[in-house]
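Summary of the model geometry
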Amino acid sequence: MITVYNPADGSIVGEAPEMSKAEVAQAIDRTCIAFPAWSRRLAKERSELLRAWFDLVKADRRAFAEVMVQENGKCISEALGEVDYGLGFIEWYAEEAKRVYGDTIPTHAADSAVLVVKEPAGPTAAITPWNFPFMMICRKIATALAAGCTMIIKPSEETPLTAYKLLDYARRAGIPEGVFEMVTGNPKEIGELFTSDLRIRKISFTGSTAVGKLLASASGATLKKMTLELGGNAPFVVFADADFDEAVAGAVLAKLRNSGQVCISPNRFYVHDAIYDRFVAALAERVSKIEVGNGMREEFVVGPLVNQTGFDKVAALVDDARKHDARVVLGGKQHSLGGLFYEPTILADIGDDVKMAQSEIFGPVFPIYRFTTEDELIERANNTEYGLVAYAYTRDLGRAFRLSHKLEAGMVIINSGSVGTASVPFGGVKQSGYGREGSYYGIEEYVEVKYVLMAGLNR
Ligand code: ADP
């Protein structure tokens, strides 16, 4: 068995099966065998099963949130928010299942008709991370099932309890074995079984760029469709004409969510020279009032980092910035609670040569860079191999449009620190991956377009 620990105090909160290769192979077989019947079910029937699952989970919303607090460390208010966010995908795709429309195209030949139909891609597989143990699974499985695909999921071994609880509720709602399978064990071994199997037609992965590339190249041998949500290095830009208080509030919200352990977390704050000092002071005042602690408290708190590796990475990046003469305005070290708790940290007067300018921090750290012109800002903001999301605060409409065109990211968020919901296409460009999840675009990733020519109609 795999032991699951509470990052807040190191206590054991549960265990999950460490499956053998043979057990994983059997689960893949079940996923493939279930596909033909599932793909033939009426869209309405698939929709009703998703809806039944949604209702059951919703009725037990708090229980799911508590499991997440225990295995991930996020605070209960955020965990409840994640349950609603994830449920939003099940609801959205239960509705969308009935609207996978095709096309007719004016024909090119006499006595014929041209049809375009969308067919489910086939049996699919997914690998999910620990930072959103609930939502990531909902987002992938709901889309796959709505499109008529079956799916096998390998959740993160850090957070398998939420995952298996979701599976249990899916079974109770009537979603059959094979249609939704789950495996845990050796990630590398499971990844190899998924990628090498000719029958699996698509893989959806959320996690690090390194593992995403590994899966994509391994999947090349069996030519799978892929959706890859990988690392980010989001710029968060505040111009002098921005609504100042809104920008400060947005920065805090976007950064401290999940203690900064989010792929869309702002990783580089660029603040215009004219408001720089005022912004740093206002941010410090606000952040210093936020408490750090165990997530079971009802109010928002910054929780522990998920594990020692994550903690050490954050500490090393802050030390590197300090060595490069960054000014520590707040925090900068382990919190007095000890363990995996790191103080919310603000770093000012920071140069572009620090390591954290190019690597994902994944912790509660605000590096604040200074800029003066829009052109300079765009160049620096785009100076990263990643391209997931970019945030900008400005009240100049022309500038807002220019930024939306010029910032290299799959998502540009103007005047808000909040990104995701079920109805929008989530995803990145460059080394942040490809493909989109959520919205109408998300389901397109799980279908194949088939062109049908019907000729000889008047013969
Ligand atoms: P993170 O740094 O967020 O943990 P990872 O990419 O390491 O990012 O993990 C995301 C998911 O990928 C987890 O479910 C993890 O178990 C899985 N994973 C890690 N290494 C591999 C691998 N070699 N093959 C397949 N999956 C992997």
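Above: the structure in question.
Everything in this summary refers to the structure shown in the same document. Everything numeric here is computed off the predicted structure, so don't read it as measured data.

The next subject is the pairing of strand β9 (residues 225–229). Burial within β9 is extensive, with 4 of its 5 residues counted as buried. With respect to chirality, the unit in which strand β8 (residues 202–206) leads through helix α8 (residues 209–220) into the neighbouring parallel β9 is right-handed.

This part covers the pattern of salt bridges. For the coordinates displayed, the defined rule picks out 37 salt bridges. For Lys 118, the salt bridge is made with Glu 444, and the minimal N-O distance between the two is 2.9 Å. Here the residue Lys 118 occupies a position in strand β4 (residues 113–120), and Glu 444 occupies one in helix α14 (residues 439–444), the gap between them amounting to 326 residues. Since its relative accessible area comes to 21%, Lys 118 is described here as partly exposed. A salt bridge links Arg 370 to Asp 273; its shortest N-O distance comes to 2.9 Å.

Looking now at the packing of helix α9 (residues 244–256) against helix α10 (residues 276–288). Helix-helix packing: each pair is described by the crossing angle between the helix axes and the interaxial distance. Running from amino to carboxyl end, α9 crosses α10 at an angle of 50°, the nearest separation of the two axes being 10 Å. On the basis of their axis angle, the class for α9 and α10 is oblique. With respect to the hand of their crossing, α9 and α10 are arranged in right-handed fashion. For the pair α9 and α10, the contacting residues are Phe 244, Ala 247, Val 248, Ala 249, Ala 251, Val 252 and Leu 256 in the first and Arg 278, Phe 279, Ala 282, Leu 283, Arg 286 and Val 287 in the second.

Right, let's get into the site of the ligand. Looking at the ligand, there are 17 residues lining it, with Thr 128, Trp 130, Lys 154, Glu 157 and Ser 208 nearest. Interatomic distance of 2.7 Å between a backbone N/O atom of Thr 128 and an oxygen atom of the ligand. When isolated, the ligand has an accessible area of 550 Å², and the protein chains bury 75% of it. Breaking the shell around the ligand down by element, the ones donating at least two residues are α7 (187–196), β8 and α8. Residue composition of the shell around the ligand, grouped by class: 8 nonpolar, 6 polar and 3 charged.

For Lys 255, the position within the fold is in helix α9. Although Lys 255 is buried, it forms no salt bridge, and the closest oppositely charged side chain is Glu 360 at an N-O distance of 9.0 Å. Separated by 2.9 Å, the side chain of Lys 255 and the backbone oxygen of Pro 266 make a polar contact. Leave out the neighbours within four places in its chain, and Lys 255 touches Gly 260, Ser 265, Pro 266, Phe 269, Ile 361, Gly 363, Val 365 and Phe 366.

Where helix α2 (residues 43–59) contacts helix α4 (residues 76–96), the two axes come as close as 8 Å, and the packing angle between them is 155°. The pairing of α2 with α4 is recorded here as roughly antiparallel in orientation. Pair α2 / α4 crosses with left-handed handedness. Across from Ser 47, Leu 50, Arg 51, Trp 53, Phe 54, Val 57 and Lys 58 in α2, the residues of α4 making contact are Leu 87, Ile 90, Glu 91, Tyr 93 and Ala 94. Of the residues belonging to the contact of α2 with α4, the class tally is 8 nonpolar, 1 polar and 3 charged.

Moving on, we come to the sheet that holds β4. Strand order in the open sheet formed by 3 strands is β3-β4-β20, and the pairing between neighbours is antiparallel. Two strands close off the open sheet at either side, each with one partner strand: β3 (103–105) and β20 (447–454). Mean inter-strand twist for the sheet, computed between neighbouring axes without regard to direction, equals 25°. Across 3 bridges, β3 lies against β4 in antiparallel orientation. Bridging from a neighbouring strand, Ile 105 pairs with Val 114 of β4.

Along strand β11 (residues 266–272), 7 of the 7 residues are buried, which leaves the element largely enclosed by surrounding structure. Of the pairings in the sheet, the one linking strand β10 (residues 234–238) to β11 comprises 5 bridges and is parallel in character. Bridging across to β11, Phe 236 finds its partner in Phe 269. In the classification by handedness, the crossover that spans β10, the intervening α9 and the parallel β11 is right-handed. Both β11 and strand β14 (residues 365–371) contribute to a ladder of 4 bridges, which runs parallel. Among the inter-strand pairings, Phe 269 is bridged to a residue of β14, identified as Ile 368.

Now for the sheet that holds strand β12 (residues 327–330). Across the sheet, 7 strands lie side by side as β12-β13-β14-β11-β10-β16-β17; this open sheet has mixed pairing. The strands lining the two open edges of the sheet, one partner per strand, are β12 and β17 (411–414). The sheet shows a mean angle of 25° between the axes of neighbouring strands, direction not considered. Here helix α12 (residues 374–381) sits on the sheet in contact with β10, β11 and β14, set at roughly 140° to β14.

With that out of the way, let us pick up the packing of aromatic side chains. All chains considered together, the criterion is met by 14 aromatic pairs. Ring plane angle 90° and centroid distance 5.8 Å describe the contact between Trp 130 and Phe 362, whose orientation is recorded as edge-to-face. With Trp 130 in the loop between β5 (124–127) and α5 (135–147) and Phe 362 in the loop between β13 (345–348) and β14, the pair connects residues that are 232 residues apart, well separated along the chain. Here the aromatic rings of Phe 311 and Tyr 342 are separated by 5.7 Å at their centres, their planes lie at 70°, and the arrangement is edge-to-face. Here Phe 311, found in helix α11 (residues 308–323), pairs with Tyr 342, found in the loop between β12 and β13; they are 31 residues apart in sequence, far enough to count as distant. The class of Phe 311 is buried, set by a relative accessible area of 8%. Looking at Tyr 342, the relative accessible area reads 2%, which means it is buried. Clustering of aromatic rings is evident, with ring pairs tying together Phe 236, Phe 269, Phe 366, Tyr 391 and Tyr 393. When the ring centre of Phe 426 is taken as origin, the NZ or CZ atom of Arg 139, which lies over that ring, is 4.4 Å away. Positioned above the aromatic ring of Tyr 169, the side-chain terminus of Arg 172 is 4.3 Å from the ring centre.

The rules behind each value
- Residues numbered from 1 in each chain as written.
- Predicted model: local features only at pLDDT ≥ 70, side-chain atom pairs only at ≥ 80, totals over all residues.
- Heavy atoms only, no water.
- Buried < 20%, exposed > 50% of the residue type's maximum accessible area, 1.4 Å probe, protein only.
- Helix = DSSP H or I, 4+ residues; strand = E, 2+ residues; numbered from the N terminus.
- Right-handed = clockwise from strand over helix to strand, strands pointing away.
- Salt bridge = Lys/Arg side-chain N within 4 Å of Asp/Glu carboxyl O.
- Axes fitted to C-alpha atoms, helices over the stretch in contact; angles between N-to-C directions.
- Parallel < 35°, antiparallel > 145°, perpendicular 65-115°, else oblique.
- Left-handed = near helix turned anticlockwise from the far one by under 90°.
- Contact = heavy atoms within 4.5 Å.
- Near = heavy atom within 4 Å.
- Polar contact = N/O pair within 3.5 Å; in protein donor to acceptor, adjacent residues only side chain to side chain.
- Areas by Shrake-Rupley, 256 points an atom, 1.4 Å probe, with all protein chains shown as cover.
- Nonpolar A, V, L, I, M, F, W, Y, C, P; charged D, E, K, R; others polar.
- Lys, Arg positive; Asp, Glu negative; His and termini not counted.
- Pairing = 2+ DSSP bridges.
- Phe/Tyr/Trp six-rings, centres within 6.5 Å; stacked < 30°, edge-to-face > 60°.
- Lys NZ or Arg CZ within 6 Å of the ring centre and 35° of its normal.

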